[in-house]
2 protein chains.
Amino acid sequence: MEKREIIIDLLGSDLGPEEMLEGARLVLEESPDVSVALAGPKALIEAAALPEGRYRIIEAEKTVTNLDNPIEAFYSKEPVSVFKALEEAQRCDDVIGVVSAGNTGALFAGAIRFLLSDKTVRPCIAAILPNMQGGFTCLVDTGASIDCGSAQLVDFAHRGSDFMRRLYKLDSPRVGLLSNGAEPTKGNKLVKETHALLAKEEGINFVGNIEGNKTLSGLCDVLVCEGFAGNQVLKNSEGMAVNLITEIIKYGKTHNVPAAKEIVGYLMSRFDFASLGAGIMLGTQKVVMKCRGSSNRTAIKNAARILTNLSDNKTLYE
Amino acid sequence: MEKREIIIDLLGSDLGPEEMLEGARLVLEESPDVSVALAGPKALIEAAALPEGRYRIIEAEKTVTNLDNPIEAFYSKEPVSVFKALEEAQRCDDVIGVVSAGNTGALFAGAIRFLLSDKTVRPCIAAILPNMQGGFTCLVDTGASIDCGSAQLVDFAHRGSDFMRRLYKLDSPRVGLLSNGAEPTKGNKLVKETHALLAKEEGINFVGNIEGNKTLSGLCDVLVCEGFAGNQVLKNSEGMAVNLITEIIKYGKTHNVPAAKEIVGYLMSRFDFASLGAGIMLGTQKVVMKCRGSSNRTAIKNAARILTNLSDNKTLYE
């Protein structure tokens, strides 16, 4: 088996580099044939005492916060961990992917710079969401490409399909198009244009428009949308799950219903949008996992697992 | 007290004109000082035996289905119930509003034709959604105006504010703008433009961008968005509520948790998007209530109640 390495950007997450290092430790425990390269401050990494010979250090002291301009940070020439990580991913053949929980804009800008050969293509960030059929739906784009055109949406459809073919072993992933009605005549200008293109696109199993209340119904394996709308679907689905769970907890307390706790536990396992760990950047030469800022060690491990599974050519739950 | 009349379009709903007639009966029972005008087939209306002297008939045999082109139907010269209803609303001063559960496009086209004096203005359809603060948020637009510009969004902000002032007696309704991030720099081109306009707009209490996971958090009283995005928020919120409730029911059955039923009952009362009965068309000379196709008699009664409360100048829950 050839050497496989996952690069983890330690800086920029809400829980700090220590939690990211614990994530790295879990990755090494779970995958004995994988090593990690850690982008961050040397002293901190050494203090974590990870298994000898399983890690290396990409020295970087700086990060990009949400208050910084990612492009300015990029040209600052300072050793920024996310850029160092992506540069190393480009340079080194053994690297199977990058995991970061830092600033999205910086990750995106860096990925375009280092991991995109065709600069006319826009990368997109997909989310893999649990659907009501017990399967998963790849929502793409979730907010990386705002104000894009119909040709880009067709491109997202291809990338999402490829990804679902590889990760879930679907022969012919069903592609739906987010719209404001199921009929082909429904949609804004962009959606109507894209509908016509997808209907005749080779290699795409297009199943038509999907309405907002059916996004997680399992009617499609890939749900294509422009980044602004996709961001609404992603955040709104999650927000509503949180809202209902919050209400159940409140009700359980005020009405003394002990079973509420059990039901909340079930719902959290069923609709845990964080369980897959990350958004997945599609279209780059190496797979980049964008974990949310609040990611804990388990989320980091889960993100890394997608990279190893893709590299193994295994489905996600084998 | 002056005469007040509500026009109900009997045709085009999923449950048929009989259910609409039962809705009309409930309206008459609830509001002794209100009468109704019913647009539909004469024989059917007479057969319902509603209280004598409290109703009149607007004869119309035809409706517009989802397969019909609303504009063609409009020019067909046939007696279509929704157009007859709206024409009568324009003609008759006593009419305080129109209730319909038929085709949205037809209702919209008819409302523009008969109830809009300034044809340069685009009407919008608002939804009143229960928020996590125990109050209500007016989401506008929910899908009536697709592909609109920033000036229209500012207009929606005014109409939503006026409505919340009148119906909920809020002095200075907080207006939020749906975006993909809370920071003012976040958004697509339309949202960024609109943000700049709302920030300096007189008479608008602008509180900034609202992210998709905070739409029902109660951070604003009016949530402004373009129709396509608003349609996603509306349908997705509802879809997720249904998804979670479905999962609780399944879990309750398979794991024998009787309390699941109680919790489902609570959630359905808490997040019953249908309870307010309808989308509300704002910007027309008479208020038009667009009930969903599946509306039952109670939804029709609730929609009518908003009309009487607005006319009484009462808040919704007085």
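Residues numbered from 1 in each chain as written. Chains lettered and ligands numbered in written order. Predicted model: local features only at pLDDT ≥ 70, side-chain atom pairs only at ≥ 80, totals over all residues.

Q: How should I be thinking about the overall build of chain A in this particular structure?
A: When you go through chain A residue by residue, the secondary structure sums to 10 helices and 11 strands. Taken over the C-alpha trace, chain A has a radius of gyration of 20 Å; the compact-globule value for 318 residues is 20 Å, and the two agree within 12%. Dimensions along the principal axes, computed over C-alpha positions, put chain A at roughly 60 × 60 × 40 Å. Taken over 318 residues, chain A has a buried fraction of 51%. Here the analysis covers contacts within chain A between residues at least 6 apart in sequence; of these, 66% occur between residues at least 24 apart. (Helix = DSSP H or I, 4+ residues; strand = E, 2+ residues; numbered from the N terminus. Rg over C-alpha atoms; globule rule 2.2 N^0.38 Å. Buried ≥ 20, exposed ≤ 12 C-beta atoms within 10 Å, placed from the backbone. Contact = placed C-beta atoms within 7 Å.)

Q: Would you mind going over the sheet that holds strand β9 (residues 222–224) of chain A with me for this structure?
A: Pairing between the strands of a sheet is mediated by backbone hydrogen bonds and can be parallel or antiparallel. All names here are of chain A. An order of β3-β2-β1-β4-β11-β10-β5-β6-β9-β7-β8 is seen for the 11 strands of this open sheet, with the pairing classed as mixed. The open sheet terminates on both sides in strands that have one partner only, identified here as β3 (55–59) and β8 (205–211). In this sheet, adjacent strand axes meet at a mean angle of 25 degrees when their direction is disregarded. Pairing geometry for strand β4 (residues 95–100) and strand β11 (residues 287–291), over four bridges, is parallel. Within β11, the residue paired with S100 across the bridge is K290. Sheet strands touched by helix α6 (residues 150–168): β5 (124–130), β6 (136–140), β7 (174–179), β9 and β10 (278–282). Its angle to β9, the strand with the most contacts, is close to 165 degrees. (Pairing = 2+ DSSP bridges. Axes fitted to C-alpha atoms, helices over the stretch in contact; angles between N-to-C directions.)

Q: I keep staring at the relation of the copies chain B and chain A and nothing clicks. Help me out?
A: The relation between the two copies of this chain is a rotation about an axis and a shift parallel to it. Here chain B sits on chain A after a turn of 179 degrees about the axis and a move of 0.0 Å along it, with an RMSD of 0.1 Å. Between the two chains, the operation in question is that of a two-fold axis. A shared interface surface links the copies, since 100% of the contact residues of chain B are contact residues in chain A too. (Least-squares fit on C-alpha atoms with pLDDT ≥ 70 in both.)

Q: What's the story with unusual backbone geometry in this structure? I'm lost.
A: Peptide bonds are, in most cases, trans, and in most cases residues other than glycine have a negative phi. Residues and elements named next belong to chain A. Here the bond from V140 into D141 is cis, since omega is 5 degrees, no more than 30 degrees from zero. By the secondary structure assignment, D141 is in the loop between β6 and α6. In this structure, A49 takes a positive phi of about 50 degrees despite not being glycine. Relative to the assigned elements, A49 resides in the loop between α2 (42–47) and β3. By C-beta crowding, A49 is classed as exposed, having 9 other C-beta atoms within 10 Å. For K169, which is not glycine, the phi dihedral falls at a positive 55 degrees. Residue position: K169 is located in the loop between α6 and β7.

Q: What am I meant to see in the interface of chain B and chain A here?
A: A common way to state how big an interface is: give the accessible area lost once the parts meet. Between chain B and chain A, the contact holds 40 residues from the first and 40 residues from the second. When contributions to the side of chain B that touches chain A are tallied by element, the ones reaching two or more residues are α8 (227–254) and α9 (259–270) of chain B. When residues in the side of chain B that touches chain A are grouped by element, the largest group, 18 residues, is from α8(B). Per-class residue counts for the side of chain B that touches chain A are 19 nonpolar, 12 polar and nine charged. (Nonpolar A, V, L, I, M, F, W, Y, C, P; charged D, E, K, R; others polar.)

Q: Please clarify how the sheet that holds strand β8 (residues 205–211) of chain B should be interpreted in this entry.
A: All names here are of chain B. Spatially, 11 strands are ordered β3-β2-β1-β4-β11-β10-β5-β6-β9-β7-β8 in an open sheet, and the strand pairing comes out mixed. Only two strands of the sheet have a single partner each, and these edge strands are β3 (55–59) and β8. Sheet twist, expressed as the mean angle between neighbouring strand axes with direction ignored, is 25 degrees. Taken strand by strand, α8 contacts β5 (124–130), β6 (136–140) and β7 (174–179), and its axis lies near 140 degrees from that of β6.

Q: How should the environment of A:R113 be read in this particular structure?
A: Residues and elements named next belong to chain A. Positionally, R113 belongs in helix α5 (residues 104–115). Classification of R113 as partly exposed rests on a count of 14 C-beta atoms within 10 Å. Each C-alpha atom of the pair R113 and Q90 lies 9.7 Å from the other, and the pair is 23 residues apart in sequence.

Q: Help me out: how do you make sense of the domain arrangement of chain A in this one?
A: Segmenting chain A into domains produces domain 1 (1–116 + 284–318) and domain 2 (126–275). For domain 1 of chain A and domain 2 of chain A, the distance between their C-alpha centroids amounts to 26 Å. (Domains from an automatic or database assignment.)

Q: Just to check I follow, could you spell out the confidence of the model for chain A for this structure?
A: Close inspection of predicted coordinates is inappropriate in any region flagged by low pLDDT. Residue-level pLDDT values for chain A average 91, and 97% of them are 70 or greater. Overall fold confidence for the complex sits at a pTM of 0.88, while the interface term, ipTM, reaches 0.87. (pLDDT = per-residue confidence, 0-100.)

Q: Looking at this structure, how should I read the packing of helix α1 (residues 16–30) of chain B against helix α10 (residues 297–312) of chain B?
A: Working note: a packed helix pair is described by the angle between its axes plus the distance between those axes. All names here are of chain B. Closest axis-to-axis distance for the α1/α10 pair is 8 Å, and the angle between their directions is 45 degrees. When the interaxial angle is binned, α1 and α10 end up oblique. Like other packed secondary-structure pairs, α1 and α10 cross with a definite hand, here right-handed. Each of E19, M20, E22, G23, L26, V27 and E30 in α1 lies in contact with α10, whose residues at this interface are R297, I300, K301, A304 and R305. Residues belonging to the contact of α1 with α10 are distributed by class as follows: five nonpolar, one polar and six charged. (Parallel < 35°, antiparallel > 145°, perpendicular 65-115°, else oblique. Left-handed = near helix turned anticlockwise from the far one by under 90°.)

Q: Can you help me understand the pairing of β5(A) in this one?
A: A regular strand carries its side chains on alternate faces of the sheet. Residue and element names in this part refer to chain A. Where burial is concerned, most of β5 is hidden: seven out of the seven residues are buried. Neither face of β5 is left uncovered, since the one carrying C124, A126, I128 and P130 and the one carrying I125, A127 and L129 both have all their residues buried. As judged from the three bridges shared by β5 and β10, these two strands associate in the antiparallel manner. Bridge assignment links I125 to a residue of β10, and that residue is M281. Sheet topology places β5 next to β6; four bridges connect them, and they run antiparallel. By the bridge assignment for β6, I128 is matched with C138. Counting the residues in the hairpin turn of β5 and β6 gives five residues, including G134, whose phi is positive at 85 degrees.

Q: I tried to follow the environment of B:L153 on my own but got confused; where do I start?
A: Residue and element names in this part refer to chain B. The residue L153 is located in helix α6 (residues 150–168) in this model. Judged by local crowding, L153 falls into the buried class, with 26 C-beta atoms found within 10 Å. Between the C-alpha atom of L153 and that of R4, which follows or precedes it by 149 residues, the distance is 32 Å. Once residues within four sequence positions are removed from consideration, L153 is found in contact with C148, T194, V224 and E226.

Q: Looking at this model, I keep getting lost on helix α7 (residues 189–199) of chain A. Mind explaining?
A: Note on helix geometry: an α-helix contains 3.6 residues per turn, so any two residues three or four positions apart are oriented the same way. Residue and element names in this part refer to chain A. Of all the positions in α7, only L190, V191, T194, H195 and L198 are classed as buried. All buried residues of α7 project into a common sector of 135 degrees when viewed along the axis, lining one side. Away from its buried face by more than 90 degrees, α7 exposes K189, A196 and A199. (Arc of directions from axis to C-beta.)

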